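# Understanding the architecture of this molecule
The primary structure of each chain is shown beneath.
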Amino acid sequence: MKNEWPLWEVFIRGQHGMSHRHVGSLHAPDAEMAVKNARDVYTRRNEGVSIWVVEARHITATNPGDKGPMFEPSESKIYRHPTFFDIPDDVGAM
Amino acid sequence: MATKDISADLFEFLLRMGDNTLILGHRVSEWCGHSPVLEEDIALANTALDLIGQTQLWLGLAGEVEGQGRSADDLAFLRDAWDFRNALMVELPNGDFGQTLMRQFLFDAWQELMLDALKGSSDARVAEIAAKAAKEVAYHVERSGDTVIGLGDGTEESHARMQAALDYLYPYVGEMFESDAVDAAVAKAGIAPDPASLRDAYDAKLAAVMSEATLTIPDDRFAHNGGRTGRMHTEHLGHILTSMQWLQRAYPGASW
């Protein structure tokens, strides 16, 4: 019998954050308890306004060994960065 | 209009509120570093800290109402067992993790109802403390209730332990709903509800959670009492106070 609770990855949107950020992981028996545990473990210093949890096994990740073919081709394509434009202040955070 | 001075009764009422959270907060803090898993350890420590924070407010106001210059710290650390007004349930030993969470739920469910009523208190200071504490307690009761359900409706062993915990603790539930002259006085002044008036809602909440937890609530309504009136405490309170108060007793006025 497996006694370990499943692993959950925790994402928190901070007070001024625009999007949820990965903050760490924890164990919990189910999704509801994972949210509660995340609240207790990761927001006790008033860090967050929203919590997402996802069971770690549902995350599909790139293989570290594929780093070359996955990411290197974009290194030389600086023209893909829209740094040649002046962004009006009114646009706000991008 | 000649109104009887309510401050003695209010002081007594505030001690009852503050001593419940103080003693339970201390009890729960005993789990710090000992919980079965890290997540529960932190969650219990958070609960304990919430309760100690509430204690500062209740006992702080108690000292103010008493008017003898005693601070929340004075009341917490310099009184003896016979001056404490907490219900007996909160001073009972933690037992196993399941028993601790069962006690937590039985207390949280009462506290949620009490604070909800106190939010409408005629005393603005009481209403203010209740509004702040109610947010914390809404989370406590959700967490302890879910854990009682998870463990009650869990394995054969966890179920047996939770049933044993309920059987052991249930005779301490009734005290939280007893009314005496102090309760009558603060109820008449619109400061606090008559505790007995909260029992029906409490029973409904308990029945819902215990049924989901597949646990059986004992039929017998016998209730141990004496804690909240100060008539008598269990042998356990003195032991809590020795560890809680020794520093201020050994080094009076020490601060850091």
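Throughout, residues of each chain are indexed from 1 in the direction in which the sequence is written. A letter from A marks each chain and a number from 1 marks each ligand, given out in the order of writing. Selection of residues for local features in this predicted model requires a pLDDT of at least 70, selection of side-chain atom pairs for listing and counting requires 80 or more, and totals for whole chains, interfaces and linings are taken over all residues. Computation of side-chain values covers all heavy atoms of the structure but excludes hydrogens and water.

## Here's the deal with the overall build of chain A
When helices and strands are counted, chain A shows 2 helices and 3 strands. Secondary structure elements of chain A occur, N-terminal to C-terminal, as β-β-α-β-α. A globule of 94 residues ought to have a C-alpha radius of gyration of about 12 Å, yet chain A, at 19 Å, is considerably larger. Principal axes of the C-alpha set define a box for chain A whose edges measure 55 × 40 × 15 Å. Residues count as neighbours in contact if any of their non-hydrogen atoms are within 4.5 Å of one another. Taking the contacts inside chain A whose residues are at least 6 apart along the sequence as the reference set, 43% of them involve residues at least 24 apart. Only the protein chains shown count as cover for residues, with accessible areas throughout obtained via the Shrake-Rupley method and a probe of 1.4 Å. Here chain A displays about 7500 Å² of accessible surface, and carbon together with sulfur accounts for 54% of that area. Strands are runs of DSSP state E lasting at least two residues, helices are runs of H or I lasting at least four, and both sets are numbered from the N terminus onward. Only C-alpha atoms enter the radius of gyration; for comparison, a globular chain is expected to reach 2.2 Å times N to the power 0.38, where N is the number of residues.

## What about the environment of Ala189(B)?
Within the fold, Ala189(B) resides in the loop between helix 7 (181-188) and helix 8 (199-212). Not counting the four nearest positions on each side in its chain, Ala189(B) is found in contact with Ile6(B) and Ser122(B).

## What to know about the side chain of Arg228(B)
Mapped onto the elements of the fold, Arg228(B) is located in the loop between helix 8 and helix 9 (235-250). Sequence-distant contacts of Arg228(B), defined by excluding residues within four places in its chain, comprise Arg16(B), Arg85(B), Asn86(B), Ala87(B), Glu175(B), Glu178(B), Asp183(B) and Pro195(B).

## Here we look at the interface of chain A and chain B
With 10 residues of chain A at the interface, the matching set in chain B holds 12 residues. Buried area is understood as the total, over both parts, of accessible area removed when two parts are fitted together, assessed with a 1.4 Å probe. Sorting the residues of chain A by area buried against chain B places Lys36(A), Arg39(A) and Asp40(A) first, and these three jointly supply 45% of that buried surface. Between Lys36(A) and Asp146(B) there is a salt bridge; the shortest N-O distance is 2.7 Å. Under the rule applied, a polar contact is a pair of N or O atoms within 3.5 Å (in protein, one hydrogen donor and one hydrogen acceptor; residues adjacent in sequence only if both atoms are side-chain atoms). Where chain A meets chain B, there are 9 residue pairs in polar contact (both at pLDDT 80 or more). Mapped onto the side of chain A that touches chain B, the elements with two or more residues apiece are strand 2 (21-27) and helix 1 (31-42) of chain A. As a working rule, the residues Ala, Val, Leu, Ile, Met, Phe, Trp, Tyr, Cys and Pro are called nonpolar, Asp, Glu, Lys and Arg charged, and the rest polar, with Gly in that last group. Across the side of chain A that touches chain B, the residue classes break down as 4 nonpolar, 2 polar and 4 charged. Salt bridges are counted wherever a side-chain nitrogen of Lys or Arg sits within 4 Å of a carboxyl oxygen of Asp or Glu.

## Details of helix 1 (residues 7-29) of chain B
Residues three or four positions apart in an α-helix share a direction because the helix packs 3.6 residues into each turn. Multiplying 1.5 Å by the helix residue count minus one yields the expected span of that helix. Here helix 1 of chain B contains 23 residues, and its C-alpha end-to-end distance of 32 Å stays within 8% of the 33 Å for a straight helix at 1.5 Å per residue. Along helix 1 of chain B, 20 of the 23 residues are buried, which leaves the element largely enclosed by surrounding structure. Classification of residues uses two cut-offs on accessible area relative to the type maximum, computed with a 1.4 Å probe and protein chains only: under 20% is buried, over 50% is exposed, and between them is partly exposed.

## Notes on the nonpolar core
Considering soluble globular proteins, one finds that nonpolar side chains tend to be buried as a cluster. Working definition of a nonpolar core: buried Ala, Val, Leu, Ile, Met, Phe, Trp, Tyr and Cys residues. They are joined through side-chain atoms within 4.5 Å. Core analysis: the biggest nonpolar cluster contains 71 residues, and Met102(B), Leu106(B) and Leu118(B) have the highest contact counts within it. Listed by contribution, the elements that provide at least two residues to this core are helix 1, helix 2 (38-66), helix 3 (72-77), helix 4 (97-118), helix 5 (124-152), helix 6 (156-169), helix 8 and helix 9 of chain B. Setting aside its immediate chain neighbours within four residues, Met102(B) contacts Val148(B), Met162(B), Ala165(B), Leu166(B), Leu169(B), Met210(B) and Leu215(B). In this structure, Trp8(A), Ile12(A), Met33(A) and Ala34(A) belong to the second largest nonpolar core, which totals 10 residues.

## Focus: the packing of aromatic side chains
The aromatic pairing rule takes the rings of Phe, Tyr and Trp, using the six-membered ring of Trp, and pairs them if the centres are within 6.5 Å, calling planes under 30 degrees apart stacked, those over 60 edge-to-face and the rest tilted. What the rule picks out here adds up to 5 aromatic pairs over all chains. Each ring, one from Phe107(B) and one from Trp110(B), has its centre 5.5 Å from the other, and the planes form 45°; the classification is tilted. One end of the pair is Phe107(B) and the other is Trp110(B), both in helix 4 and 3 residues apart, which spans about a single turn. Considered together, Phe107(B) and Trp110(B) belong to a single accessibility category, that of buried residues. Sitting over a ring, as applied to charges here, requires NZ of Lys or CZ of Arg to be within 6 Å of the ring centre and within 35 degrees of the ring normal. One cation-aromatic arrangement involves Arg39(A) over Tyr139(B); the distance from NZ or CZ to the ring centre is 3.6 Å. Across from the ring centre of Phe84(B), 4.2 Å away, lies the NZ or CZ of Arg79(B), which sits over that ring.

## So, the packing of helix 5 of chain B against helix 8 of chain B
All names here are of chain B. Axis definition: a line fitted to C-alpha atoms, limited for helices to the stretch in contact. Angles are taken between N-to-C directions and run from 0 to 180 degrees. Running from N to C, helix 5 and helix 8 point in directions that differ by 40°, and their axes come no closer than 8 Å. With respect to helix 8, the axis of helix 5 lies oblique. Crossing of helix 5 against helix 8: the hand is right-handed. Between helix 5, through Val-141, Gly-145, Val-148 and Ile-149, and helix 8, the contact on the second element is made entirely by Lys-205, Val-209, Met-210 and Glu-212. Residue classes in the contact of helix 5 with helix 8 are distributed as 5 nonpolar, 1 polar and 2 charged. An angle below 35 degrees is read as roughly parallel, one above 145 as roughly antiparallel, one from 65 to 115 as roughly perpendicular, and any other as oblique. Throughout, a crossing is termed right-handed when the near helix is turned clockwise from the far one, and left-handed when it is turned anticlockwise from it by less than a right angle.

## A closer look at the pattern of salt bridges
Under the counting rule described, the total for this entry stands at 22 salt bridges over all chains. Close ionic contact of Arg249(B) with Asp80(B) constitutes a salt bridge, the shortest N to O distance being 3.6 Å. Taken as a pair, Arg249(B) in helix 9 and Asp80(B) in the loop between helix 3 and helix 4 lie far apart in primary sequence, 169 residues in all. Residue Arg249(B) is classed as partly exposed on the basis of its relative accessible area of 36%. Through salt bridges that share partners, Arg39(A), Asp40(A), Glu40(B) and Arg143(B) make up one connected network.

## Remarks on the pairing of strand 2 of chain A
Residue and element names in this part refer to chain A. Strands qualify as paired when DSSP identifies two bridges or more between them. Sheet analysis places strand 1 (residues 7-14) next to strand 2, joined by 6 bridges and oriented antiparallel. Opposite Val-10, over in strand 2, you have Gly-24 as the bridge partner. The turn linking strand 1 back onto strand 2 is made up of 6 residues.

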